[in-house]
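# Geometric and topological summary
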Amino acid sequence: MDHEAAMGLPECRRIVGLLSDYLDGELGETDRWSVKLHLDACLACTRLAAELAATVQALGRLAGAPCAGHRLPGTPPERS
C-alpha cells in the first residue's frame, strides 16, 4: 500500500498526525505504543516515518543543527 492509499484509512491518518512527536520522543506511553504497534504492521506508514526522519536529518545538516532525535526508535545513529 502506498502513502496515498494508507492516508485513506482512519488509523493511518491518526498515526501520521503523531509521527513528528513520535520521532521526537514526545509522546506519552499510550500514544507511543499505539504508533509503534501500527508501524510494526503498516509498511506504508513505516516508509513515511522513515522519509520524515530522513528529511528532518537532512534539513538539520543543512542548517548545521544536530537532529539525532529524529530517528526511528531502534535504528542505529548515522555514522559521520
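These numbers come from a predicted model, not from an experiment. (Residues numbered from 1 in each chain as written. Predicted model: local features only at pLDDT ≥ 70, side-chain atom pairs only at ≥ 80, totals over all residues. Heavy atoms only, no water.)

It should be kept in mind that the predicted coordinates are not to be read in detail where pLDDT is low. Confidence in the prediction of the chain, expressed as mean pLDDT, is 81, and 68% of residues score 70 or more. When mean pLDDT is taken per element in the chain, helix α3 (residues 29-41) scores highest with 96 and helix α1 (residues 3-6) scores lowest with 59. (pLDDT = per-residue confidence, 0-100. Helix = DSSP H or I, 4+ residues; strand = E, 2+ residues; numbered from the N terminus.)

A few words now on the packing of helix α2 (residues 10-23) against α3. Where α2 meets α3, the closest approach of the two axes is 10 Å, and the angle between their N-to-C directions is 120°. When the axes of α2 and α3 are compared, the crossing they make is left-handed. Contact with α2, carried on its side by Glu-11, Cys-12, Arg-14, Ile-15, Leu-18, Leu-19 and Tyr-22, involves Asp-31, Arg-32, Ser-34, Val-35, Lys-36, His-38 and Leu-39 of α3 and no other residues of that element. Class assignment for the residues of the contact of α2 with α3 results in seven nonpolar, two polar and five charged. (Axes fitted to C-alpha atoms, helices over the stretch in contact; angles between N-to-C directions. Left-handed = near helix turned anticlockwise from the far one by under 90°. Contact = heavy atoms within 4.5 Å. Nonpolar A, V, L, I, M, F, W, Y, C, P; charged D, E, K, R; others polar.)

Assignment of secondary structure puts Ala-53 in helix α4 (residues 43-63). The exposure class of Ala-53 is buried, given its relative accessible area of 6%. Distance from Ala-53 to Ser-20, taken between C-alpha atoms, is 8.4 Å for residues 33 residues apart in sequence. (Buried < 20%, exposed > 50% of the residue type's maximum accessible area, 1.4 Å probe, protein only.)

Formed by 14 residues in total, the largest nonpolar core has its most connected members in Leu-19, Tyr-22, Leu-27, Val-35, Leu-39, Cys-42 and Cys-45. Elements represented by at least two residues in this core include exactly α2, α3 and α4. Sorting elements by how many residues they give to this core places α2 first, with six residues. (Core = buried A, V, L, I, M, F, W, Y, C linked by side-chain atoms within 4.5 Å.)

So, about the pattern of salt bridges. Counted under the stated rule, the structure contains two salt bridges. Across the pair Glu-11 and Arg-14 runs a salt bridge, and its minimum N-O distance is 3.1 Å. On the criterion of helical spacing, the pair formed by Glu-11 and Arg-14 is a turn pair, its members being three residues apart in helix α2. A residue is classified by how much of its surface remains accessible, and Arg-14, at 34% relative accessible area, is partly exposed. Residue Lys-36 pairs with Asp-40 through a salt bridge whose shortest N-O separation is 3.0 Å. (Salt bridge = Lys/Arg side-chain N within 4 Å of Asp/Glu carboxyl O.)

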